Amino acid sequence: MRIGIIGAGKLGSALIKGLLSRQDTSLRVIASARSTRSLERIKSLGVEVTHDNKYLVSVSDIVIICVKPSQVGEVADEVSCCGKGKVIISAVALVPLKWWEVRFPAGDVKLFRVMPNINVLVGESFTALTAHDGADSFSRSLVEELFKLLGSTAWVSEEVLDALTLISGCGPAIIAEITDALVLASLAIGIPQEVAEEAVLKLIEGSAKSLQEVELTKFRDMVITPRGLTIRLLRRLYKENFKSTLIESIESTYSVLAESKIRMLKDML
Ligand SMILES: NC(=O)c1ccc[n+]([C@@H]2O[C@H](COP(=O)([O-])OP(=O)(O)OC[C@H]3O[C@@H](n4cnc5c(N)ncnc54)[C@H](OP(=O)(O)O)[C@@H]3O)[C@@H](O)[C@H]2O)c1
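Report follows, based on the coordinates.

Quick notes on the rules
Residues numbered from 1 in each chain as written. Predicted model: local features only at pLDDT ≥ 70, side-chain atom pairs only at ≥ 80, totals over all residues. Helix = DSSP H or I, 4+ residues; strand = E, 2+ residues; numbered from the N terminus. Buried ≥ 20, exposed ≤ 12 C-beta atoms within 10 Å, placed from the backbone. Contact = placed C-beta atoms within 7 Å. Pairing = 2+ DSSP bridges. Axes fitted to C-alpha atoms, helices over the stretch in contact; angles between N-to-C directions. Near = placed C-beta within 6 Å. Nonpolar A, V, L, I, M, F, W, Y, C, P; charged D, E, K, R; others polar. Arc of directions from axis to C-beta.

1. A short note on the overall build of the protein
Scanning the protein from terminus to terminus reveals 12 helices and eight strands. C-alpha atoms of the protein, sized along the principal axes, occupy 65 × 40 × 35 Å. Scored against the burial criterion, the 269 residues of the protein give a buried share of 28%. Within the protein, counting contacts between residues at least 6 apart in sequence, those at least 24 apart form 65% of the total.

2. Some thoughts on the sheet that holds strand β5 (residues 87-90)
Read from one edge to the other, the open sheet built from eight strands follows the order β3-β2-β1-β4-β5-β6-β7-β8, with strand pairing classed as mixed. Each having just a single partner strand, β3 (48-50) and β8 (151-155) make up the two edges of the open sheet. On average, each strand axis in the sheet is tilted by 25 degrees relative to the strand beside it, whichever way the strands run. Looking at chain direction, strand β6 (residues 110-115) and strand β7 (residues 125-131) are connected through four bridges and run antiparallel. Considered in β7, the bridge of Phe112 is made with Ala131. On the sheet, helix α1 (residues 10-20) packs against β1 (2-6), β2 (28-32) and β4 (62-65) and is oriented at approximately 165 degrees with respect to β2.

3. Focus: the pairing of β2
In regular strands, side chains alternate between the two faces of the sheet. Most of β2 sits out of view: four of its five residues are buried. As paired elements, β1 and β2 share five bridges and run parallel to each other. Of the residues in β2, the one forming a bridge with Ile5 is Ala31. With three bridges joining them, β2 and β3 adopt parallel strand pairing.

4. Describing unusual backbone geometry
At Arg227, a position not held by glycine, the phi torsion is positive, near 60 degrees. Mapping Arg227 onto the fold places it in the loop between α10 (216-221) and α11 (229-239). A residue is classified by how many C-beta atoms lie within 10 Å of it, and Arg227, with 7 of them, is exposed. For Asn241, which is not glycine, the phi dihedral falls at a positive 60 degrees. Along the chain, the position of Asn241 falls in the loop between α11 and α12 (242-268). The class for Asn241 is exposed, based on 11 C-beta atoms found within 10 Å.

5. Section: the site of the ligand
Of all residues adjacent to the ligand, which total 28 residues, the nearest are Gly7, Gly9, Ser35, Ser38 and Ala93. Listed by contribution, the elements that provide at least two residues to the shell around the ligand are α1 and α4 (72-79). Top contributing element to the shell around the ligand by residue count: α1, with three residues. For the shell around the ligand, the residue count by class is 14 nonpolar, 10 polar and four charged.

6. A look at α4
Every buried residue of α4 is accounted for by Val72, Val75, Ala76 and Val79. All buried residues of α4 lie within an arc of 95 degrees about the axis, which places them on one face of the element. Of the exposed residues in α4, those oriented more than 90 degrees away from the buried face are Glu74 and Asp77. Elements in contact with the buried residues of α4: β1, α3 (53-59), β4 and α5 (97-103).

Given below as structure tokens:
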């Protein structure tokens, strides 16, 4: 199986690294980027590289498009002529299947959208998948199997996939900020840096695992004792609107996302 990645930037490179780490000899990867500098960087990962997206599509069974929303027009103009019989997956935020459908009118293109996150790098992404009506069950299972190599997957509506941009796509940045705050807080109370970093990372990893076994509020309550330190700490966080700030930030950014989608559709169609 040959996987072509158009746009080996941050997400594209993470996908390449994640796929290569599977050490599956039946998977071959070819990738493209705009600049020679990026191509050299990707080449050093041990994959074939090209500037020619048409060639990339022609030699790939599955193509994953990982360019920025503002760059899709150029890519679609280049490759729309040679998508026949291919599985084309867009990881591009906001650009709807309706837009891709117009660019690939040749009937037997199997179109998908996905919303992975940067954890494809370590095979721990959660990837939302959505398919165009024209995609058959064989290509659907192909796409699902591919992203299962990089973590877990779920089929969702396109609307939910767009909303997941803020949770799955942007989420790693939120977790990085929370991690950083916890490390800085550790330093503030005298924990040495290396100990703090390990303690915080293990806290997040271990809690994520436990939360797959124990129900959320039960898990929280397992750490709380009446009049204890945890409840004092949480009460302070609630007083500072910790939870509602996070919820409101995501909610208000979702409005921005919805407006950008409408604007983008108007410009693109
Ligand atoms: N980053 C994430 O964690 C993440 C998560 C989920 C979804 N996404 C989505 O993935 C897409 C890419 O995001 P990113 O953060 O990876 O952006 P990025 O780092 O800017 O990567 C974009 C890549 O596309 C390449 N490119 C641009 N035009 C091209 C063309 N005509 N042909 C071939 N390659 C081209 C660029 O090449 P040069 O390097 O030469 O400029 C660059 O390597 C976005 O639509 C984003 O919404 C990203």
